[in-house]
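Examining the three-dimensional arrangement
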Amino acid sequence: MMSKTQGIVLKEIRFKETSKILNIYTKKFGRIHAMARGAYKPKSQLIANTQPFSLNEYDFYKGKNFYYITQADIIDSFYSIRENMEKLIYGYYMLELVEKSTPEEEENEKLFLLLEKGLRVLSKLDKDFLKFIVSYELKFISFLGYKPYIEKCVVCKNEDTSNIKFSIKEGGIICSNCSIMEPYSERMDKYMYEVMKTLLYTPLNKIIQINIPKDVMFNLHDILVKYILYNIDRKEFNSLNLMKSLENNGGC
Ligand SMILES: [Zn+2]
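Read on for an overview of the structure. What you see is a predicted model; the values in this text were computed from it and never measured.

On to the pairing of strand E1 (residues 2–15). For E1 and strand E4 (residues 55–62), the ladder comprises seven bridges, and the chain directions are antiparallel. Each residue of the ladder has a partner; that of serine 3, found in E4, is phenylalanine 60. Counted between consecutive antiparallel strands, the loop separating E1 from strand E2 (residues 19–26) contains three residues, among which lysine 16 sits at a positive phi close to 55 degrees.

For the zinc ion, every protein donor is listed as Cys153 (SG), Cys156 (SG), Cys175 (SG) and Cys178 (SG), and the spread of their distances is 2.3 Å. Looking at cysteine 156, the relative accessible area reads 41%, which means it is partly exposed.

At their nearest, the axes of helix H3 (residues 129–146) and helix H5 (residues 190–201) sit 8 Å apart, and the two run at 70 degrees to each other. Classified by the interaxial angle, the pair formed by H3 and H5 is roughly perpendicular. Seen from H3, the contacting residues are Lys131, Val134, Ser135, Leu138, Lys139 and Ser142; seen from H5, they are Met196, Leu199 and Leu200. Class assignment of the residues belonging to the contact of H3 with H5 gives a composition of five nonpolar, two polar and two charged.

To continue, consider the nonpolar core. Counting 61 residues, the largest nonpolar core has Leu115 and Phe132 as the members making the most contacts within it. Broken down by secondary-structure element, the contributors of at least two residues to this core are E1, helix H1 (85–101), helix H2 (109–124), H3, strand E6 (164–167), H5, helix H6 (214–232) and helix H7 (238–248). Look past the residues within four positions of phenylalanine 132 in its chain and what remains in contact with it is Met94, Gly118, Val121, Leu122, Leu125, Leu204 and Ile207. The next biggest cluster of nonpolar side chains, apart from the first, holds 13 residues, and it includes Ala34, Ala39, Leu46 and Ile69.

What counts as what
Residues numbered from 1 in each chain as written. Predicted model: local features only at pLDDT ≥ 70, side-chain atom pairs only at ≥ 80, totals over all residues. Heavy atoms only, no water. Pairing = 2+ DSSP bridges. Helix = DSSP H or I, 4+ residues; strand = E, 2+ residues; numbered from the N terminus. Donors = N, O, S within 2.8 Å, 3.2 Å for Na, K, Ca; no water. Buried < 20%, exposed > 50% of the residue type's maximum accessible area, 1.4 Å probe, protein only. Axes fitted to C-alpha atoms, helices over the stretch in contact; angles between N-to-C directions. Parallel < 35°, antiparallel > 145°, perpendicular 65-115°, else oblique. Contact = heavy atoms within 4.5 Å. Nonpolar A, V, L, I, M, F, W, Y, C, P; charged D, E, K, R; others polar. Core = buried A, V, L, I, M, F, W, Y, C linked by side-chain atoms within 4.5 Å.

Okay, structure coming up:
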């Protein structure tokens, strides 16, 4: 049976001499493994359509173990994500988030559209990558079904937000009384809380106008990575480890 859908390449693995097995996040079928036969041949028409980040319209049929790509038309390669190392690694982080948190063949159109929009915004960004990433993480985890509860205390619904922490386990802000009973809580202050709220609800293409100190961004990113890993039951992200090793070597 033939199918047609848009898809974004998350990962490519060489298969035999000239073929590739791709991990693609598609609009209609969620994450799939697809075979691109002959994609490594120098004259292959599939070269551009099988690179990570590229957004394509694919035709394929489903075989026993894979989907097989029969035709692909590129919509956007998001090539400018590759023009800066920090930008590139955060781009890979966005792909890794989808790869590690979505089960195979489970459709989530909202998540697909978020990834598409995220790559579009990132490709045009020339600074403040971390601010963008924190805003993206907040939206990503929400569309995955774990929207942080930040209106009031997630446990007792206390509305006083003056002395709060963020509970990774409960998935939201937690008041000082409740946090005594909840050891897996992260330090937060009123300002971090306001920033979290703003970045959750501001569209990705509008966040450039918001000014946030770097240390606040680092702290929020740290909390969100822990929160995401907890919910998707993973230990780490390879892309963020790569970022850390670059920072330690004075790169970026
Ligand atoms: Zn409480």
